[in-house]
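# An overview of the molecular structure
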Amino acid sequence: MQKPYHESWEKFLKSEFSKQYFVELSKFLSEQYADRTIYPPKSQVFSAFRTNLDDIKVVILGQDPYHGPRQAHGLAFSVREGIDTPPSLVNMYKEIETDLGIPVPPSGNLQRWADQGVLLLNNVLTVEAHQAGSHRGHGWEMFTEATIRYLSDNRKHLVFLLWGRDARSKASLIDQSKHLILEAPHPSPLSAYSGFFGCKHFSKTNEYLAAHDLPEIVW
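Since this is a predicted model, take the numbers as computed values, not measurements. (Residues numbered from 1 in each chain as written. Predicted model: local features only at pLDDT ≥ 70, side-chain atom pairs only at ≥ 80, totals over all residues. Heavy atoms only, no water.)

In this section: the pairing of strand 5 (residues 159-163). The two faces of the sheet receive side chains in turn, since in a regular strand these alternate between them. In terms of burial, strand 5 is a largely internal element, five of the five residues being buried. A two-sided burial pattern is seen for strand 5, the buried positions comprising V159, L161 and W163 on one face and F160 and L162 on the other. Judged from the three bridges that link them, strand 2 (residues 58-62) and strand 5 form a sheet pairing that is parallel. Residue V59 lies in a different strand from strand 5, and its bridge partner there is F160. Here strand 5 pairs with strand 6 (residues 180-184) via five bridges, running parallel. Bridge pairing in strand 6 places F160 opposite I181. (Buried < 20%, exposed > 50% of the residue type's maximum accessible area, 1.4 Å probe, protein only. Helix = DSSP H or I, 4+ residues; strand = E, 2+ residues; numbered from the N terminus. Pairing = 2+ DSSP bridges.)

And the structure:
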């Protein structure tokens, strides 16, 4: 049976899976998936970790998965093919168009970013249908913070895009002498006009990557 994550993450994930907080989280998730509708499907919870650890160049932090039918598939801000592009991602596309002149694509599936080394990581990796934030406070936050620390400690020249209060609170976990941190308000319609639009994070990311002889992201 194929593992739901890339083998390069094996050491880190096995270490976290054995910790008490994750044992308790796993029990909670088993109960939730047994008698409720939970997103994303079990097989896609760790989709972000299918990107080779050694290929990661950019980390984008989201909040929790979309809670509508067929939307979430394990990548932050991304939706499956054929699903309407959500408002926050629409605003991300608008900023990319303004920043880099790239036309807004018809699809909200960001697998193409993940394939280029963009880790699309949510702060919480699961959610109950139609219940936003329902799986917060059960251990996922500890897992995400451990992931960020691991990336900061074991890689160099990563770009961390921290949008919104929850994501920006993670800045202290990152070694700023080795990595670039770009912060802005969240791209949601409620806050995009307070500083997300015009942040030019997509061009700044590519400028940093190019300066360190790394391939730029085709946004």
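Next comes the rest of the write-up.
Let us now look at the side chain of N206. Topologically, N206 is positioned in helix 7 (residues 201-211). With relative accessibility at 7%, the residue N206 sits in the buried group. Here I217 takes part through its backbone nitrogen, which lies 2.8 Å from a polar atom of the side chain of N206. If sequence neighbours within four positions are ignored, N206 has contacts with E216, I217 and W219. (Polar contact = N/O pair within 3.5 Å; in protein donor to acceptor, adjacent residues only side chain to side chain. Contact = heavy atoms within 4.5 Å.)

Let us look at unusual backbone geometry. P40 follows Y39 through a cis peptide bond whose omega is -10°. In the Ramachandran plot, H130 falls in the positive-phi region, its phi being about 65° despite a non-glycine side chain. Within the element layout of this structure, H130 appears in the loop between strand 4 (127-128) and helix 5 (140-154). Residue classification places H130 among the exposed residues on the basis of a relative accessible area of 52%. For D213, which is not glycine, the phi torsion reads 55° and is therefore positive.

This brings us to the environment of Y39. By the secondary structure assignment, Y39 is in strand 1 (residues 38-39). Residue class for Y39 comes out buried when judged on its relative accessible area of 14%.

What follows is about the environment of V104. As for its placement among the helices and strands, V104 is situated in the loop between helix 3 (87-100) and helix 4 (111-114). Owing to a relative accessible area of 42%, V104 belongs among the partly exposed residues under this scheme. The residues contacting V104, other than those within four sequence positions of it, are Y93 and E97.

Looking now at the packing of helix 1 (residues 10-17) against helix 5. At a minimum axis separation of 11 Å, helix 1 and helix 5 run at an interaxial angle of 145°. Remark: the crossing between helix 1 and helix 5 carries right-handed chirality. Together, K11, F12, L13, E16 and F17 of helix 1 and F143, A146, T147 and Y150 of helix 5 make up the contact between the two elements. Its residues assigned to classes, the contact of helix 1 with helix 5 comprises six nonpolar, one polar and two charged. (Axes fitted to C-alpha atoms, helices over the stretch in contact; angles between N-to-C directions. Left-handed = near helix turned anticlockwise from the far one by under 90°. Nonpolar A, V, L, I, M, F, W, Y, C, P; charged D, E, K, R; others polar.)

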